Every structure is written in structure tokens, then in C-alpha cells.
Amino acid sequence: MRKVYKILILSLAISIICLNCSEECDDCLELTTKNIKYINSNGTNLLFGNQATYNPDSIIIKVGNDNNISVWKQEDIGTIMFNLEESYTTYYIILSDSLIDTLDFELAERKSTSCCGNVTYSTKTLLNGLEIENNDLVVITH
């Protein structure tokens with residue numbers, strides 16, 4: 001009788017495991033972040049520090065139909081950060097009424113290393129129409 005119970009429990013466990021294998025996994029969401037650092041020709045940070053020209057609290061990033069996306073300040077490293085979203089390839093960075101930079105990304109997906117599922121990442125980056133290095137840190141010189 002104990003063998004029958006063990007076989008039933010083992011069969012149930014295997015069927016539950018196999019059922020989970022076939023279902024869509026959503027245990028977490030891995031996002032690709034991009035950091036933006038504004039500098040002048042001397043390398044001085046234009047967002048943070050005593051020579052800052054722009055207020056990092058006033059920076060807006062828009063996508064699509066004028067949708068604002070979340071931006072985080074990283075004062076310790078002198079950058080602003082945002083999440084790269086799979087639905088958008090063009091980001092408008094508004095520093096002031098007269099200064100807007102455009103970042104365009106070519107996107108692809110790959111298997112996530114920390115979650116089951118895929119993560120969106122950039123394969124190419126353009127700043128104001130010109131191709132630049134495709135790094136998670138985008139340095140913009142003004």
C-alpha cells in the first residue's frame with residue numbers, strides 16, 4: 001500500500017512539474033536600462049555638480065504619442081536612467097524648451113539570463129540621426 005501511495009505522489013509531482021514546463025513563465029521581468037550622461041567638450045557633467053547647466057529634475061523623456069516615461073537620477077555617477085521598452089524605438093530627451101535630443105534604437109530579443117522569458121535589448125543606437133556606440137551608457141556632448 002505504501003508503494004502505491006509513493007507511486008501516486010511521485011506521479012502527481014511529475015505531472016505538476018511537466019504542467020509548469022509548458023505554461024508561460026512570468027516569474028519576473030528583466031528590463032534593459034539606458035543611462036544618459038550629458039557633458040561639454042571638456043568632459044564636465046552638465047547635469048550634476050557645481051558646473052551643471054541643466055536641471056536633472058526638469059528632464060523629460062517622451063515616446064510614441066507624447067507619452068512620458070519614468071526617468072531616474074543617478075547623481076552618484078552623474079547620469080539619468082530609463083528603461084528600454086519593447087514597444088518603442090524612438091525616445092525624445094527634452095532638456096529645455098529649445099533643446100531636444102532624439103535617441104533611436106534598433107531592438108531585438110534574447111533569452112533572459114535571470115528570468116524565464118525574453119529580454120529586449122538594443123542592437124544599434126542613433127543620436128539625432130547619427131549612429132553612435134551601442135552601449136548602455138549614452139554620452140551626449142553639448
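Quick notes on the rules
- Residues numbered from 1 in each chain as written.
- Predicted model: local features only at pLDDT ≥ 70, side-chain atom pairs only at ≥ 80, totals over all residues.
- Heavy atoms only, no water.
- Helix = DSSP H or I, 4+ residues; strand = E, 2+ residues; numbered from the N terminus.
- Buried < 20%, exposed > 50% of the residue type's maximum accessible area, 1.4 Å probe, protein only.
- Contact = heavy atoms within 4.5 Å.
- Areas by Shrake-Rupley, 256 points an atom, 1.4 Å probe, with all protein chains shown as cover.
- Salt bridge = Lys/Arg side-chain N within 4 Å of Asp/Glu carboxyl O.
- Pairing = 2+ DSSP bridges.
- Axes fitted to C-alpha atoms, helices over the stretch in contact; angles between N-to-C directions.
- Phe/Tyr/Trp six-rings, centres within 6.5 Å; stacked < 30°, edge-to-face > 60°.
- Lys NZ or Arg CZ within 6 Å of the ring centre and 35° of its normal.
- pLDDT = per-residue confidence, 0-100.

K.L.:
A description of the overall build of the protein chain should follow, citing residues and the corresponding values.
P.N.:
Broken down by element type, the protein chain carries one helix and 10 strands. Ordering the α and β elements of the protein chain from the N terminus gives α-β-β-β-β-β-β-β-β-β-β. Burial analysis of the protein chain (142 residues in total) assigns 32% to the buried set. Sequence-distant contacts, at least 24 apart, represent 49% of the contacts inside the protein chain between residues at least 6 apart. Total accessible area on the protein chain is roughly 9400 Å²; 51% of this is exposed by carbon and sulfur atoms.

K.L.:
So, the pattern of salt bridges: which residues are in play, and what are the values?
P.N.:
Counted under the stated rule, the structure contains four salt bridges. Across the salt bridge formed by Glu106 and Lys124, the nearest N and O atoms sit 3.8 Å from each other. A residue pair is termed long-range when its members are at least 10 positions apart, and Glu106 in strand β7 (residues 99-111) and Lys124 in strand β8 (residues 118-127) qualify at 18 residues. Here the residues in one salt-bridge network are Glu106, Lys124 and Glu131, joined through shared partners.

K.L.:
How would you summarise the sheet that holds strand β10 (residues 137-141) if you had to cite specific residues and measurements?
P.N.:
Ordered by their spatial adjacency, four strands build an open sheet running β4-β5-β1-β10, and the pairing between neighbours is mixed. In this open sheet, the two edge strands, each paired with only one partner strand, are β4 (72-74) and β10. Averaged over all pairs of adjacent strands, the angle between their axes in this sheet comes to 30°, without regard to strand direction. Where strand β1 (residues 32-39) meets strand β5 (residues 79-84), five bridges bridge the pair, whose relative direction is antiparallel. Paired with Thr33 across the two strands is Asn83, which belongs to β5.

K.L.:
I'd love a proper account of the packing of aromatic side chains, names of residues and values included.
P.N.:
Applying the stated criterion to the full structure yields three aromatic pairs. Judged by centre distance (5.0 Å) and plane angle (40°), the ring pair of Phe82 and Tyr91 falls under tilted. Each member of the pair Phe82 and Tyr91 is classed as buried. The side chain of Arg110 reaches across the aromatic face of Tyr121, ending 4.5 Å from its centre.

K.L.:
Provide a residue-level description of the sheet that holds β7, including the pertinent values.
P.N.:
The six strands are arranged β3-β2-β6-β7-β8-β9 in an open sheet whose pairing can be described as antiparallel. The sheet is open, and its two edges are formed by β3 (67-68) and β9 (130-132), each paired on a single side.

K.L.:
A description of the environment of Ser58 should follow, citing residues and the corresponding values.
P.N.:
Topologically, Ser58 is positioned in the loop between β1 and β2 (60-63). On the accessibility criterion, Ser58 (39% relative accessible area) is partly exposed. When the C-alpha atoms of Ser58 and Leu95 are compared, they prove to be 7.0 Å apart, with 37 residues separating the residues in sequence.

K.L.:
Residues and numbers for the side chain of Thr102, please.
P.N.:
As for its position among the elements, Thr102 is in strand β7. Judged by relative accessible area, Thr102 falls into the buried class, the value being 19%. Contacts of Thr102, omitting those with residues within four sequence positions, involve Thr90, Tyr91, Tyr92, Leu126, Leu127 and Asn128.

K.L.:
So what's going on with the confidence of the model for the protein chain? Residues and values would help.
P.N.:
In the predicted model, the protein chain carries a mean pLDDT of 84, and 80% of its residues have values of at least 70. Per-element confidence in the protein chain ranges from a low mean pLDDT of 45 for helix α1 (residues 2-22) to a high of 98 for β9. Scored below 50 in pLDDT, residues 2-22 makes zero contacts in the model with residues more than four places away or belonging to other chains.

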